[in-house]
Amino acid sequence: MSLPPVSRRAFGALSALSAVAACTSGAWAYAPGAAARRVTIAVGGQAVLYHLPLTIAGRLGFFQAEGLDVTVLDYPGGALALRAVQDGVAQVCSGAYEHTLRQQSRGHDYRAFVVQGRAPQQALGVSLRAVPGYRGPSDLRGRRIGVSALGSSTQVMASMLLARAGVDVHTVSFVGVGTGLAALAALRTGRIHALCHADPIMALLEQRGEVRLVGDLRTLQATQEVFGGAMPASCLVAPQSFLHQEPVVAQALVNGIVHALKWLQTAAPADLVKAVPASYLLGDRAVYLAAFNRVRETFSPNGLMPEDGPATALRALAQSYPGMLDTRASLARTFTDDLTRKARQKFGV
């Protein structure tokens, strides 16, 4: 299925509107007084739990402790975040692992260098107001399905779930609705008939009885049942040229994320609420914490790529994009665990 291009004018406008500084400068842990190294990370919807390790690393000063001055640019979806890297606006993308596979099929050498999540953490829900007589997946034909942005992991996951249910993705229309309140408004106003998104958005809609879930990939068990293996999700992704030219910065980024992953293993609810911006809670602290407790197991415990992850991701991607199997993907070139192994030693993970 071909995806519509994003015009550079529209992308530039989004870039200007969505830039958010996430961290301030700090000193190298091993060289007090040394100038912090600057790096920009693009992310598609930082407020969702899918990107929580990135948020924690920034908010709790883990990047700063590694001598980094990190700026986070927040976009409505992962495809736009990846475009920021392609256009040189950012050096690194916090996004879905499958981006590396799709980029490789287009002749671009991108690599995931630390894994944040090992399940998609997304669900597909049908609006009970827009489709009150919903009986099964076939009722979605001809409907508008909301995703964070066209080409983002939410569209990929929605396509996989629809294909698994026997629905041809060409019979639905995907609509980019962003994240947070914008995504909620799109569903509530009838702009879309269904929504595929991450928590806390889907948890809030589910708790308030506004959607009927028809696909759920927010637990390790569900991911195993649907894909038949571990499904790497959110990662830090960058061109191989960046990893080659900036090895110290790349290692510092991985250190920060692995530190955050370790913190999340034992974080108390009160600690988590203090760590994230209040706006991320979408006005309901209890729902946010319940959503976190459900997906907590899906965060990587150590940042390493699951052994069967790349092959599982390629196989799953091919369900919606059959041409992927014809690209002779070199899975070993889509990720590296070298930096993560060093970070694990540093933090005893």
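These notes cover the structure that comes with them.

So, how was this worked out
Residues numbered from 1 in each chain as written. Predicted model: local features only at pLDDT ≥ 70, side-chain atom pairs only at ≥ 80, totals over all residues. Heavy atoms only, no water. Salt bridge = Lys/Arg side-chain N within 4 Å of Asp/Glu carboxyl O. Helix = DSSP H or I, 4+ residues; strand = E, 2+ residues; numbered from the N terminus. Buried < 20%, exposed > 50% of the residue type's maximum accessible area, 1.4 Å probe, protein only. Phe/Tyr/Trp six-rings, centres within 6.5 Å; stacked < 30°, edge-to-face > 60°. Core = buried A, V, L, I, M, F, W, Y, C linked by side-chain atoms within 4.5 Å. Contact = heavy atoms within 4.5 Å.

### Brief notes about the pattern of salt bridges
Here is step 1: Across all of its chains, the model carries 12 salt bridges by this definition.
Here is step 2: In this structure, the salt-bridge partner of Arg-188 is Glu-210, at a minimum N-O distance of 2.9 Å. Of this pair, Arg-188 sits in helix H7 (residues 180–188) while Glu-210 sits in the loop between helix H8 (201–207) and strand E10 (211–217); the two residues are 22 residues apart in sequence, bridging distant segments of the chain.
Here is step 3: Take Arg-188: its relative accessible area is 28%, and that puts it in the partly exposed class.
Here is step 4: Between Arg-208 and Asp-284 there is a salt bridge, with its nearest N and O atoms 3.7 Å apart.

### Points about the packing of aromatic side chains
Here is step 1: Scanning all chains against the criterion turns up one aromatic pair.
Here is step 2: For the pair Phe-292 and Phe-299, a centre-to-centre distance of 6.4 Å together with 35° between the ring planes defines the contact as tilted.
Here is step 3: For Phe-292, a relative accessible area of 3% puts it in the buried group.

### Digging into the nonpolar core
Here is step 1: With 67 residues, the main nonpolar core has Leu-52, Phe-113 and Leu-253 as its most contacted residues.
Here is step 2: Considering each element in turn, this core owes the most residues, 10 residues, to helix H11 (residues 247–266).
Here is step 3: With near-sequence residues (within four places) excluded, Phe-113 lies in contact with Val-92, Leu-236, Val-237, Ala-238, Leu-243, Ala-250, Leu-253, Val-254, Thr-336, Leu-339 and Thr-340.
Here is step 4: Counting 49 residues, the second-largest nonpolar core is a separate cluster that includes Val-115, Ile-145, Val-147 and Cys-235.

### Some remarks on unusual backbone geometry
Here is step 1: Cis geometry is found at the peptide bond from Asp-199 to Pro-200, where omega equals 10°.
Here is step 2: Structurally, the position occupied by Pro-200 is in the loop between strand E9 (194–198) and H8.
Here is step 3: With a phi angle near 60°, Gln-121 is a residue other than glycine that sits in the positive phi range.
Here is step 4: Positionally, Gln-121 belongs in the loop between strand E5 (110–115) and strand E6 (122–127).
Here is step 5: By relative accessible area, which is 2% here, Gln-121 ends up buried.
Here is step 6: With phi around 55°, Leu-282 is a residue other than glycine that occupies positive phi space.
Here is step 7: Mapped onto the elements of the fold, Leu-282 is located in the loop between helix H12 (269–275) and helix H13 (285–295).

### What about the environment of Pro-53?
Here is step 1: Residue placement: Pro-53 occurs in helix H2 (residues 52–59).
Here is step 2: You can call Pro-53 buried: its relative accessible area is 0%.
Here is step 3: Residues Pro-53 and Gln-116, spaced 63 residues apart in sequence, show a C-alpha to C-alpha distance of 6.4 Å.
Here is step 4: For Pro-53, the residues in contact, after removing those within four places along its chain, are Gln-116, Ile-257, Ala-260, Leu-261, Leu-264 and Phe-299.

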